[in-house]
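Chain by chain, the residues:
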Amino acid sequence: MNDRLIFHIDVNSAYLSWEATYRKQHGEKVDLREIPSVVGGDEESRHGIVLAKSVSAKKYNIKTGETLYEARQKCPEIVIVPPRYWLYIQCSNAFNEILNEYTPKIQRFSIDESFLDFTGMQNLYPDYMNIAFTIKERIKKELGLTVNIGISNNKLLAKIASDFKKPDRVHTLFPWEIKEKMWPLPVEDLFMVGRATLPKLNKLNIFTIGDLAQYDLEILKSFLKSHGVLIWDYANGIDDSPVRKSNHIEMKGLGNSTTIPFDVEDKKTAHLILLSLTETVAARLRNSHNCCRVVSVSIRDTNFINYSHQRRLYCPTDCTNIIAEASYKLFNESWKGAPIRHLGIHLTELCTNEFYQYSLFDKNSIEKLRSIDKTIDEIRIKYGSKSVQRSSFLHSGIRNMTGGVGEEDYPVMTSLL
Amino acid sequence: MKVVAKPIEVIAWFKTDGVPKPLRFRINDNDSKTVIKVDRIMQIDTEKLAGNPMIVFRCQSLINDVTKVYELKYELTTCKWILYKI
């Protein structure tokens, strides 16, 4: 496995670069990348957080994920532009189209990063640095974007390498370079070490990746269980995951959630929002040819207190109505009465929907429910999600299907390499 | 040439090779309408910035007795024309 050659290509501040290039193409004079600017959600509907920032916004210490209000306090003249997901998908497709000309083995890791496998192509591309610079320059010329390329012989090291110094760079991080290039970095720069793991590691006197790599694995295991082994491996540059054609891994569950534009104070509205989430999540469940056995509802109230409640159903199901009813029950049982800001539904314990277990106590004819679900799905695929909707959503101000970024085929982030 | 990026109305000739040739275009200002005949297409390029394909025409016309060079852009996904630079 040691003679693999993996590239990780990452678009520098993707959302912002794409927006800036798109605007330049349409004749805008200022380049968003050269001024303090951020891509931010809609504050009216309370999605007002920083999604991406420019390099000069970074100088004001603006961080991704903080509120636009905080960003404006740090830099009053900041330019805020709304996100355009269709544009990002279009850019991401064009980006991957170029990569496809170099190797067939590509894994789209998320909307703005891809892994490329160049193993065994020494005859085609004798000098890997050369090819990396060619790709980088081509993307810059054709798509108007700068990218970072990390090169190594596994995916983990390639990903860390592409994160070194930005923008518009090529870095290598081969196993013999780990000690010198990776170990002095702070431990939170390591993939899979986030804000939950970091304080635990700091408590163990681990501050750099090198500290972690040289730590006693057994002690780590006793504190962090299997996750400890994983990050210890990563700190030592051990990873042998293949470059997969697709990110699709066997799904264990699926869910949708939404931040509501207003505070929900009564059950009826909450139920309506749960129904609209169920419409989305159940359609996705059926599309994946699965039934679910466990339904879970999560609630975040205006004090930012989160809680959730779940239940096993008697029989696995994929019917919108049954899932919605279960979610109402769960909601009624768990809601503590405070105004609600955010609601989510998650379905787990999936099994195939090839056959369906009936129960003696089914209220409605399951056959009928399933056939109406199937028909509605087909209509919505053909004519759009608003073509058929329940009358309870009329004049309610709530969309008939909520959840997701509002665009299909959006490659989402994953924590698995 | 300066970037103006003005939406324009265009009469174009679509040839069998699939490339449209702008013949004349009209700039609608607040109250005046100016029609400009495209005298010569000097260069045709395609660009794909931000994954958005556009055909860029560098053209030349006689405007108010002065020969001017300018750029028109045709956005393939929306079929819109813009006077990009003049």
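It should be noted that the structure appears before, not after, this text.
Now for a look at the structure at hand. (Residues numbered from 1 in each chain as written. Chains lettered and ligands numbered in written order. Predicted model: local features only at pLDDT ≥ 70, side-chain atom pairs only at ≥ 80, totals over all residues. Heavy atoms only, no water.)

All names here are of chain A. Judged by how many residues are buried, strand E5 (residues 106-110) sits mostly within the fold: 4 of 5 residues are covered. Both E5 and strand E6 (residues 113-117) contribute to a ladder of 4 bridges, which runs antiparallel. Among the inter-strand pairings, Arg108 is bridged to a residue of E6, identified as Ser114. Counting the residues between successive antiparallel strands, the hairpin from E5 to E6 contains 2 residues. (Buried < 20%, exposed > 50% of the residue type's maximum accessible area, 1.4 Å probe, protein only. Helix = DSSP H or I, 4+ residues; strand = E, 2+ residues; numbered from the N terminus. Pairing = 2+ DSSP bridges.)

Further remarks concern the interface of chain A and chain B. In this assembly, 17 residues from chain A lie in contact with 13 residues from chain B. Surface buried jointly by chain A and chain B totals about 1,100 Å² across both partners, of which 51% is contributed by carbon and sulfur atoms. On the chain A side of the contact with chain B, Gln25(A), His26(A) and Gln90(A) bury the most area, a combined 46% of that side's loss. Counting across the chain A and chain B interface gives 1 salt bridge. The shortest N-O distance in the salt bridge between Glu97(A) and Lys48(B) comes to 3.1 Å. Linking chain A to chain B there are 9 residue pairs in polar contact (both at pLDDT 80 or more). Those elements that provide at least two residues to the side of chain A that touches chain B are helix H1 (14-25), helix H4 (85-100) and helix H5 (128-143) of chain A. (Contact = heavy atoms within 4.5 Å. Buried area = accessible area lost by both parts, 1.4 Å probe. Salt bridge = Lys/Arg side-chain N within 4 Å of Asp/Glu carboxyl O. Polar contact = N/O pair within 3.5 Å; in protein donor to acceptor, adjacent residues only side chain to side chain.)

What follows concerns the side chain of His342(A). All names here are of chain A. With respect to the secondary-structure elements, His342 resides in strand E12 (residues 340-352). By relative accessible area, which is 14% here, His342 ends up buried. Separated by 3.5 Å, the side chain of His342 and the backbone oxygen of Thr258 make a polar contact. If sequence neighbours within four positions are ignored, His342 has contacts with Ser257, Thr258, Thr259, Ile260, Ser298, Ile299 and Arg300.

A few words now on the state of the cysteines. Residue and element names in this part refer to chain A. All chains considered together, the criterion is met by 0 disulfides over all chains. Here Cys291 stays free of any disulfide, with the sulfur of Cys351 as its closest cysteine sulfur at 5.3 Å. In this model Cys319 remains outside any disulfide bridge; the closest cysteine sulfur is found in Cys291, 7.7 Å from its own. (Disulfide = S-S within 2.5 Å.)

Further remarks concern the sheet that holds strand E3 (residues 50-53) of chain A. Residue and element names in this part refer to chain A. Taken together, the 3 strands give an open sheet; going across it, the order is E3-E2-E4, and neighbouring strands pair in mixed fashion. Across the chains shown, the open sheet's two edge strands, defined by having one partner strand only, are E3 and strand E4 (79-81). Recorded for the sheet is a direction-independent mean angle of 30° between the axes of neighbouring strands. In the sheet, strand E2 (residues 37-40) pairs with E3 via 3 bridges, with the strands oriented antiparallel. Among the inter-strand pairings, Val38 is bridged to a residue of E3, identified as Lys53. (Axes fitted to C-alpha atoms, helices over the stretch in contact; angles between N-to-C directions.)

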